[in-house]
Structure formats: C-alpha cells, structure tokens
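Architecture and fold: a report
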Amino acid sequence: MGFLTGKTAIVTGIASDRSIAYGIANALAEQGASLILTYQGDKLRDRVAKFGEKLGAEVVLPLDVARDEDIEALFDSVAQHWSRIDILVHAIGFAPREALTGGYLDSISREASSITHDISAYSFAALAKAARPMLSETASLITMTYLGSERAMPGYNIMGPAKASLESNMRFMAADLGPSGVRVNAISAGPIKTLAASGIQGFRSLLARAAETAPLKRNVTQTEIGNTAAFLGSDLASGITGEVIYVDAGYNIMGATSN
Ligand code: 0WD
C-alpha cells in the first residue's frame with residue numbers, strides 16, 4: 001500500500017522512457033495510484049501503450065493539446081470509466097527547433113512565440129478547465145517548469161517566457177481552484193537528458209555546468225522528479241498550493257561558485 005492508493009492520475013507527456021513523465025508515472029504507480037496515460041499522435045501510440053502495460057496503467061488515450069477536440073475527447077473517455085480525477089500531471093513542452101537555435105532575437109518570430117506559449121503554457125489551463133467537473137475535492141494538478149522562466153539561459157530562448165507564463169498560469173489556477181480544495185503546483189526540474197532537452201543548443205555543457213555548480217554536485221534523475229510529483233499529488237502535501245518546487249540539486253540557490 002502506497003500513499004497514493006485509491007487515487008486516479010492522468011499523466012501526459014510520455015514520449016520515451018527518459019521522459020520526465022515516465023519517471024512521474026512510475027513513482028505514482030509505485031505509491032499505488034491508478035494511471036491513465038496519454039500520448040501525442042499515432043507515432044507514439046504503440047510505445048506509450050507498451051509503457052502503460054509495464055506500469056500497470058488502466059488505459060492509454062490520445063491527446064494533442066494543440067487540438068481542442070482532443071482535450072474534450074480525453075475527458076469524455078475518462079468520464080466513461082471514472083467519476084473523478086485525483087491527480088493531473090502536465091509534462092508537456094514544445095518550441096520549434098529553429099527557435100531554440102542561435103540568439104534570442106535572431107531566433108524569435110511571432111509564430112514560434114505563439115505556438116510555444118500555446119503548447120507549453122496555455123495547455124495546462126486548458127486541461128484544468130476541461131478536467132474541472134471531474135476533479136476530486138483534494139485533487140492535485142502538477143506541471144513541469146525550468147529555471148529559464150526567471151533567468152536568461154543560453155539557448156533556452158522562447159521557452160523561457162513560455163515557462164514564465166506557465167508558472168503564472170499555475171498561480172492563477174491555484175487561486176481559482178483553491179476554494180474547492182484543489183491544489184496546483186509546478187516542479188522546477190534541473191536539466192535532464194530527454195528528447196525535448198536534446199533540442200536545446202548546448203544542452204550537454206549545460207548539464208555539466210549544472211552538476212558542477214549545484215550544492216549536491218550532480219544532476220537530478222527522473223526518479224527524483226517522480227517522487228516529488230508523488231508527494232505533491234498526495235495528501236502529504238495538503239497545505240501546498242501555488243508553489244514552484246525546485247528539484248535541481250540546489251542549483252537555483254547559487255550565486256557565484258568556487259572551483
Ligand atoms: O531538462 C529537462 N528535460 C527539463 C524538462 C527541465 C525542466 C523542465 N522540463 C519540462 C519540459 O519543458 C516539459 O514541460 O518537463 C516537461 C517534460 O519534458 P521532457 O520529459 O524533458 O521531454 P520529452 O520526453 O520530450 O517529453 C515532452 C513531451 C513531448 O515529447 P516530444 O519530444 O515528442 O516533443 O511533451 C509532449 C510530447 O510527448 N508534447 C505534447 N503532448 C501533447 N500535445 C505536445 C502536444 N501538442 N507537444 C509536446
């Protein structure tokens with residue numbers, strides 16, 4: 001029996017077994033949650049279905065957050081089997097590759113800015129809006145963010161403003177849903193080598209520098225993010241809402257470093 005036994009969780013954003021969402025799904029399952037996984041597009045269906053089997057997921061459903069009809073269909077399908085959702089994990093981010101290459105102003109465009117904010121920030125609120133009628137009285141919504149929201153990080157480019165928007169969304173959602181008992185938080189993860197991260201120019205040296213600078217002198221793992229999500233999803237975190245929780249080996253507290 002884990003501390004999430006009896007809770008039902010929707011986990012979005014699994015693209016591979018390196019995805020942060022995979023680590024989260026694994027940790028939630030270990031603590032006894034029932035899982036509903038989503039995949040983006042037919043290309044990922046079989047792969048995510050395989051992960052679903054391994055993790056004991058109840059069901060695997062399609063979701064492209066760029067499509068309103070997908071969001072609606074997801075919760076229609078979920079409502080056929082479950083009367084309530086306890087945990088919703090948003091682990092989705094996207095920026096066009098060219099927007100993550102080169103300098104900030106050279107790489108930015110109206111279209112890149114719009115799609116990055118749409119997929120990476122707005123979609124969290126869109127999912128919450130659609131999920132709202134099904135959210136349990138102690139539901140917990142969790143999104144994934146990065147320090148690039150508050151500090152200019154080389155190569156992170158338009159994802160920085162999009163993560164700032166996501167964190168602001170998270171706070172407005174927490175204020176809006178709080179009176180009904182629902183909590184909303186963000187996990188700010190240190191860099192982890194995933195498919196999305198490999199699109200960021202210079203990511204490898206970012207990883208090395210992060211490990212050097214962080215108080216714990218290493219990078220974090222999907223398992224550590226997953227365990228934090230399990231805690232935030234559980235009643236153990238019943239007093240926490242509207243927060244950005246750093247799981248980054250302490251990197252964000254550092255000013256200068258000594259070598
Ligand atoms: O260092 C890192 N990896 C960090 C990631 C540090 C801090 C935060 N994050 C965030 C990311 O920005 C993202 O919000 O964590 C979240 C998960 O990212 P990830 O695990 O690093 O990346 P990945 O394994 O690629 O999963 C992100 C997935 C997509 O993968 P690909 O690589 O195929 O774009 O987000 C999903 C998709 O599966 N996704 C979508 N899902 C539904 N609809 C959409 C969409 N339109 N677009 C992307």
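Just so it is clear, the structure is predicted and the values come from calculations on it, not from any experiment.

1. Considerations on the overall build of the chain
Looking only at helices and strands, the chain features eight helices and seven strands. A compact globule built from 259 residues would reach a C-alpha radius of gyration of about 18 Å, and the chain, at 17 Å, matches this within 12%. Seen through its C-alpha atoms, the chain measures out along the principal axes to roughly 50 × 40 × 40 Å. Taken over 259 residues, the chain has a buried fraction of 52%. Looking at the chain alone, contacts between residues at least 24 apart form 76% of all its contacts between residues at least 6 apart. Looking at the chain as shown, the accessible area adds up to about 12,200 Å², and 51% of this sits on carbon and sulfur atoms. Positive and negative charge centroids in the chain, built from 22 and 26 side chains respectively, lie 6 Å apart.

2. Observations concerning the sheet that holds strand β6 (residues 183–189)
On the basis of which strands lie adjacent, the open sheet formed by seven strands has the order β3-β2-β1-β4-β5-β6-β7 and parallel pairing. The open sheet has two edge strands, β3 (59–62) and β7 (244–247), and neither has a second partner. Here the strands of the sheet are splayed against their neighbours by 20° on average, with no regard to which way each runs. Relative to strand β4 (residues 85–90), strand β1 (residues 8–11) runs parallel, the two sharing three bridges. Paired with Ala-9 across the bridge in β4 is Ile-87. Helix α6 (residues 159–177) rests against β4, β5 (135–145), β6 and β7 of the sheet, and its axis sits at about 170° to β5. Each of β4, β5, β6 and β7 touches helix α8 (residues 222–233); the most contacted strand, β6, lies at about 165° to it.

3. Looking at a nonpolar patch on the surface
Nonpolar side chains collect at one region of the surface, where Phe-3, Phe-231 and Leu-236 lie side by side and expose about 280 Å² of accessible area between them. Positionally, Phe-3 belongs in the segment before β1.

Reading guide: rules and limits
- Residues numbered from 1 in each chain as written.
- Predicted model: local features only at pLDDT ≥ 70, side-chain atom pairs only at ≥ 80, totals over all residues.
- Heavy atoms only, no water.
- Helix = DSSP H or I, 4+ residues; strand = E, 2+ residues; numbered from the N terminus.
- Rg over C-alpha atoms; globule rule 2.2 N^0.38 Å.
- Buried < 20%, exposed > 50% of the residue type's maximum accessible area, 1.4 Å probe, protein only.
- Contact = heavy atoms within 4.5 Å.
- Areas by Shrake-Rupley, 256 points an atom, 1.4 Å probe, with all protein chains shown as cover.
- Lys, Arg positive; Asp, Glu negative; His and termini not counted.
- Charge placed at Lys NZ, Arg CZ, Asp CG, Glu CD.
- Pairing = 2+ DSSP bridges.
- Axes fitted to C-alpha atoms, helices over the stretch in contact; angles between N-to-C directions.
- Patch = residues over 30% accessible without salt bridge, like charges linked within 9 Å, V, L, I, M, F, W, Y side chains within 5 Å.
- Salt bridge = Lys/Arg side-chain N within 4 Å of Asp/Glu carboxyl O.

Any functional reading would require information beyond the geometric quantities listed.
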